[in-house]
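If you want the building blocks of each chain, they are given just below.
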Amino acid sequence: MHAHVYPKCPRSGLPARAGALLGDQTYVSAGDAGANTFSALKHYIVAQARSRIYAFVAHLLDRAFRISGRQMLNIDYADVDQAAKTLAENPELVLGIKVRKRSRSSGTNGLEPLKRAILACERSACAARA
């Protein structure tokens, strides 16, 4: 099930235990954490959850995460090296990178967020795991 299991990060995140009470056994955290907060997601959310959780890394540094839904207006926040490092260090948990591509979120950056996500996957070798 697509979920946001990191409470208050983003604003709509719910505790991972909520789904277990409803019978959900597996979640995919849909970009709740970027490279700067992924370790916290792994250690404080995933490790303590009753359900199995996999994750997509948010394709940007967390300092820009979910600021009024316009994450990619500053493309410099899409740090390829940091995203690749997070992917490479968490192969048991990470499925890929979450990319938001719509004009409201990315402005005039076109396909650049997607290109950077692909490059991060290639650098981390996550493409070989797929």
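Now for a quick tour of the structure. (Residues numbered from 1 in each chain as written. Predicted model: local features only at pLDDT ≥ 70, side-chain atom pairs only at ≥ 80, totals over all residues. Heavy atoms only, no water.)

## Focus: the pattern of salt bridges
Within this structure, the stated rule accounts for 4 salt bridges. Between Arg123 and Asp81 there is a salt bridge, with its nearest N and O atoms 2.4 Å apart. Note that Arg123 is positioned in helix 5 (residues 112-124) and Asp81 in helix 3 (residues 80-89), a separation of 42 residues in sequence. Of the charged contacts, one joins Glu89 and Lys85 as a salt bridge, the two residues approaching to 3.6 Å between their closest N and O atoms. With Glu89 and Lys85 both in helix 3 and 4 residues apart, the pair spans about one turn of that helix. Assessed through its relative accessible area of 47%, Glu89 is described here as partly exposed. (Salt bridge = Lys/Arg side-chain N within 4 Å of Asp/Glu carboxyl O. Helix = DSSP H or I, 4+ residues; strand = E, 2+ residues; numbered from the N terminus. Buried < 20%, exposed > 50% of the residue type's maximum accessible area, 1.4 Å probe, protein only.)

## Considerations on the nonpolar core
Most often, soluble globular proteins keep nonpolar side chains buried together rather than apart. In this structure, Val5, Phe38, Leu41, Ile53, Leu87, Ile97 and Ala120 are the most contacted members of the largest nonpolar core, which totals 21 residues. Contributions of two or more residues to this core are made by helix 2 (38-46), strand 3 (52-58), helix 3, strand 4 (94-98) and helix 5. (Core = buried A, V, L, I, M, F, W, Y, C linked by side-chain atoms within 4.5 Å.)

## Topic: a nonpolar patch on the surface
A surface patch of nonpolar side chains, about 260 Å² in accessible area, is lined by Leu111, Leu114 and Ile118. For Ile118, the location among the structural elements is in helix 5. Overall, Ile118 belongs to the partly exposed group, its relative accessible area being 43%. (Patch = residues over 30% accessible without salt bridge, like charges linked within 9 Å, V, L, I, M, F, W, Y side chains within 5 Å. Areas by Shrake-Rupley, 256 points an atom, 1.4 Å probe, with all protein chains shown as cover.)

## Structural notes on the environment of Leu93
Along the chain, Leu93 turns up in the loop between helix 3 and strand 4. Judged by relative accessible area, which is 4%, Leu93 ranks as buried. On a C-alpha basis, the gap between Leu93 and Ala55 in space is 6.0 Å, while along the polypeptide they are 38 residues apart.

## A look at the pairing of strand 3
Consecutive side chains along a regular strand alternate between the two faces of the sheet. Of the strand pairs in this sheet, strand 2 (residues 26-30) and strand 3 are connected by 5 bridges, and their pairing is parallel. Looking across to strand 3, one finds that Thr26 is bridged to Arg52. With respect to chirality, the unit in which strand 2 leads through helix 2 into the neighbouring parallel strand 3 is right-handed. Where strand 3 meets strand 4, 4 bridges bridge the pair, whose relative direction is parallel. (Pairing = 2+ DSSP bridges. Right-handed = clockwise from strand over helix to strand, strands pointing away.)

## As for helix 3
Buried within helix 3 we find Val80, Ala83, Ala84, Thr86 and Leu87. In a view along the axis of helix 3, the buried residues occupy a sector of 160°, so they form one face of it. Here helix 3 starts with a cap whose side-chain oxygen sits 3.1 Å from the backbone nitrogen of Asp81, and that cap is Asp79. (Arc of directions from axis to C-beta. Polar contact = N/O pair within 3.5 Å; in protein donor to acceptor, adjacent residues only side chain to side chain.)

## Observations concerning the side chain of Thr86
As for its placement among the helices and strands, Thr86 is situated in helix 3. Judged by relative accessible area, which is 6%, Thr86 ranks as buried.

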